[in-house]
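Overview (structure and organization)
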Amino acid sequence: MVSDIKKYWFKTGILHEFEVENLGNLYAKSFNELTVPHRTEFYQIIWFKKGSPKHMVDFNPIEIKPNSILFVDKNSVQCYDSDTPIDGEILLFSDNFFCKTEADTKFLRSCMLFNDLHALSNIEVGSGLTKIFNSFFQLIKTELKTNADSFQSDILRGYLQNILLISERARQNKQTTKINKGPDLEIVIKFRDLLDRQFHVLKSVSKYCMQLSVTEKRLNAATLKIMAITPKQMIDSRIILEAKRLLAHTTDSVKEIAYTLGFEEPTNFVKYFKKHQKVTPLEFRNRFK
């Protein structure tokens, strides 16, 4: 590959893959990195306390209002506004930090803040929530300043889980349509999790069903109920999203992108992309020049 979308991990050797930073300071310190498309291998809770910047996540412009919180899933490609100053708080955490038990993993995978399969979660914070969030963020900062012991990671994880639960409640209270948690949602989230890790090597619905231990009919019923699309459409959407990311944000050739996405022949990729986007990969790329 000629280039790639810059990806960030937590620094190695740190005690917890968990951090809270002042958003304004981070924006000033890392302006050049944040204002170009990038991804992270960790989750982000971005509390925009001031400003109404334009924020892009995977080609979706997010309308940011003052005192609102945006929840960004790991590996999403995002870009901060380079023209509008921002301030607030940002909380970063990884799977390694949060998922210590099977119950933790299930909680995070089913948390709609990061797994809303229809849209990004962005909640406005009223005066009541502002006090609650300020309290939790302050508790986290205080704990991070204390000497680490065997209790610290569990205490921090407890604060984080409460932030997520309170945010989930606020999100659900403002949703006109609710996705009911249950077997269908669990199957779809597990399928999406597998898809995120294997889409470039596995494009067959039947092979995903084998890993999920469900029939194609059962998976199809679940995705239609939760997403209103078929498993095949979910696979196609994931491949196309990654293709668009690579075309828009890297200088890799169409041939290189085709191979990265698991196509044996670049011509097959071009036909596939045009079928789904109505333009060729190069025509799509030229929109971003």
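Small disclaimer: the values here were computed from a predicted structure and weren't measured.

Looking at the overall build of the protein
Helix and strand counts for the protein stand at 14 helices and 10 strands. For a compact globule of 289 residues, the expected C-alpha radius of gyration is about 19 Å, and the protein comes in at 20 Å, within 12% of that figure. For the protein, the spread of C-alpha atoms along the three principal axes comes to 55 × 45 × 40 Å. Counting across all 289 residues of the protein, residues that qualify as buried make up 49%. The long-range fraction of contacts in the protein, counting pairs at least 24 apart against all pairs at least 6 apart in sequence, stands at 73%. As presented, the protein carries roughly 15,100 Å² of accessible surface, and 53% of it is formed by carbon and sulfur atoms. Where the 42 positive side-chain charges of the protein centre and where its 34 negative ones centre are 5 Å apart.

A look at the confidence of the model for the protein
Chain-level pLDDT for the protein is 90 on average; 96% of the residues reach the 70-or-more range. Confidence scores differ between elements of the protein, with helix 5 (residues 112-115) showing the lowest mean pLDDT of 82 and helix 9 (residues 205-212) the highest of 97.

Some words on helix 11 (residues 231-249)
The terminal C-alpha atoms of helix 11, which comprises 19 residues, lie 27 Å apart, in line with the 27 Å expected from a rise of 1.5 Å per residue. With 14 of 19 residues buried, helix 11 lies mostly within the body of the structure.

Some details on the nonpolar core
Core analysis: the largest hydrophobic core is formed by 37 residues, its most contacted members being Phe191, Tyr208, Leu219, Leu261, Phe269 and Phe273. Breaking this core down by element, the ones donating at least two residues are helix 8 (183-198), helix 9, helix 10 (216-227), helix 11, helix 12 (254-260) and helix 13 (266-277). No other element matches helix 11, which puts 8 residues into this core. Those residues in contact with Phe191 that sit more than four places away from it in its chain are Tyr208, Leu212, Leu219, Thr223, Pro231, Met234 and Ile235. Grouped together as the second largest cluster of nonpolar side chains are 30 residues, Phe71, Phe114, Phe136 and Tyr159 included.

Here's the deal with the pattern of salt bridges
Applying the stated criterion to the full structure yields 20 salt bridges. Across the salt bridge formed by Lys141 and Glu89, the nearest N and O atoms sit 2.8 Å from each other. With Lys141 in helix 6 (residues 127-145) and Glu89 in strand 9 (residues 87-93), the pair connects residues that are 52 residues apart, well separated along the chain. We classify Lys141 as partly exposed; its relative accessible area is 26%. In this structure, the salt-bridge partner of Asp196 is Arg238, at a minimum N-O distance of 2.7 Å. Taken as a pair, Asp196 in helix 8 and Arg238 in helix 11 lie far apart in primary sequence, 42 residues in all. The partly exposed category is assigned to Asp196, whose relative accessible area is 31%. What you see here is one network of salt bridges that share partners, running through Arg39, Asp58, Asp196, Arg238, Glu242 and Arg245.

Remarks on the packing of aromatic side chains
For the structure shown, the criterion picks out 18 aromatic pairs. With 4.8 Å between their ring centres and 50° between their planes, Phe10 and Phe42 make a pair best called tilted. One end of the pair, Phe10, is in the loop between strand 1 (6-8) and strand 2 (18-22); the other, Phe42, is in the loop between strand 3 (38-40) and strand 4 (43-50), and 32 residues separate them in sequence. Exposure class is identical for Phe10 and Phe42. Each is buried. For the ring pair Phe59 and Phe284, a centre distance of 6.1 Å and an interplane angle of 70° mean the geometry is edge-to-face. Pair noted here: Phe59 is in the loop between strand 5 (54-57) and strand 6 (60-63) and Phe284 is in helix 14 (residues 281-286), with a separation of 225 residues, a long-range link. By relative accessible area, Phe284 is classed as buried at 3%. Each residue in the set Tyr43, Phe71, Phe93, Phe98, Phe107 and Phe114 is aromatic and connected to the rest through ring pairs, giving one cluster. A cation over a ring is seen here: Arg238 above Phe199, with NZ or CZ 4.2 Å from the ring centre.

Quick notes on the packing of helix 8 against helix 9
Viewed as axis vectors pointing N to C, helix 8 and helix 9 meet at an angle of 120°, and their least axial separation amounts to 11 Å. Judged on the interaxial angle alone, helix 9 and helix 8 are oblique. Handedness of the crossing formed by helix 8 with helix 9: right-handed. When helix 8 is examined against helix 9, the residues Lys190, Phe191, Leu194, Leu195 and Gln198 are found in contact with a partner set consisting of Tyr208, Gln211 and Leu212. Tallied by class, the residues present in the contact of helix 8 with helix 9 amount to 5 nonpolar, 2 polar and 1 charged.

Remarks on the layout of surface pockets
Taken as a whole, the largest pocket spans an internal volume of roughly 1,400 Å³. If you list the elements that add at least two residues to the lining of the largest pocket, you get strand 6, helix 4 (102-110), helix 5, helix 8 and helix 11. The element that contributes the greatest number of residues to the lining of the largest pocket is helix 11, accounting for 8 residues. Per-class residue counts for the lining of the largest pocket are 22 nonpolar, 9 polar and 17 charged. Estimates place the volume of the second largest pocket at around 410 Å³. For the second largest pocket, the lining is made up of 19 residues, of which Tyr8, Leu26, Ser30, Phe42 and Leu92 are closest to its centre. Going through the elements one at a time, strand 2, helix 1 (23-29), helix 2 (31-34), strand 3 and strand 9 are the ones with two or more residues in the lining of the second largest pocket. In the lining of the second largest pocket, the residues fall into 9 nonpolar, 5 polar and 5 charged.

Conventions adopted
- Residues numbered from 1 in each chain as written.
- Predicted model: local features only at pLDDT ≥ 70, side-chain atom pairs only at ≥ 80, totals over all residues.
- Heavy atoms only, no water.
- Helix = DSSP H or I, 4+ residues; strand = E, 2+ residues; numbered from the N terminus.
- Rg over C-alpha atoms; globule rule 2.2 N^0.38 Å.
- Buried < 20%, exposed > 50% of the residue type's maximum accessible area, 1.4 Å probe, protein only.
- Contact = heavy atoms within 4.5 Å.
- Areas by Shrake-Rupley, 256 points an atom, 1.4 Å probe, with all protein chains shown as cover.
- Lys, Arg positive; Asp, Glu negative; His and termini not counted.
- Charge placed at Lys NZ, Arg CZ, Asp CG, Glu CD.
- pLDDT = per-residue confidence, 0-100.
- Expected span 1.5 Å × (residues − 1).
- Core = buried A, V, L, I, M, F, W, Y, C linked by side-chain atoms within 4.5 Å.
- Salt bridge = Lys/Arg side-chain N within 4 Å of Asp/Glu carboxyl O.
- Phe/Tyr/Trp six-rings, centres within 6.5 Å; stacked < 30°, edge-to-face > 60°.
- Lys NZ or Arg CZ within 6 Å of the ring centre and 35° of its normal.
- Axes fitted to C-alpha atoms, helices over the stretch in contact; angles between N-to-C directions.
- Parallel < 35°, antiparallel > 145°, perpendicular 65-115°, else oblique.
- Left-handed = near helix turned anticlockwise from the far one by under 90°.
- Nonpolar A, V, L, I, M, F, W, Y, C, P; charged D, E, K, R; others polar.
- 1 Å grid on protein atoms, 1.4 Å probe; cavity = no way out; pocket = protein on both sides within 12 Å on 5 of 7 lines; lining within 4 Å.
- Points joined across faces, edges and corners; volume = space filled by probe spheres on them.

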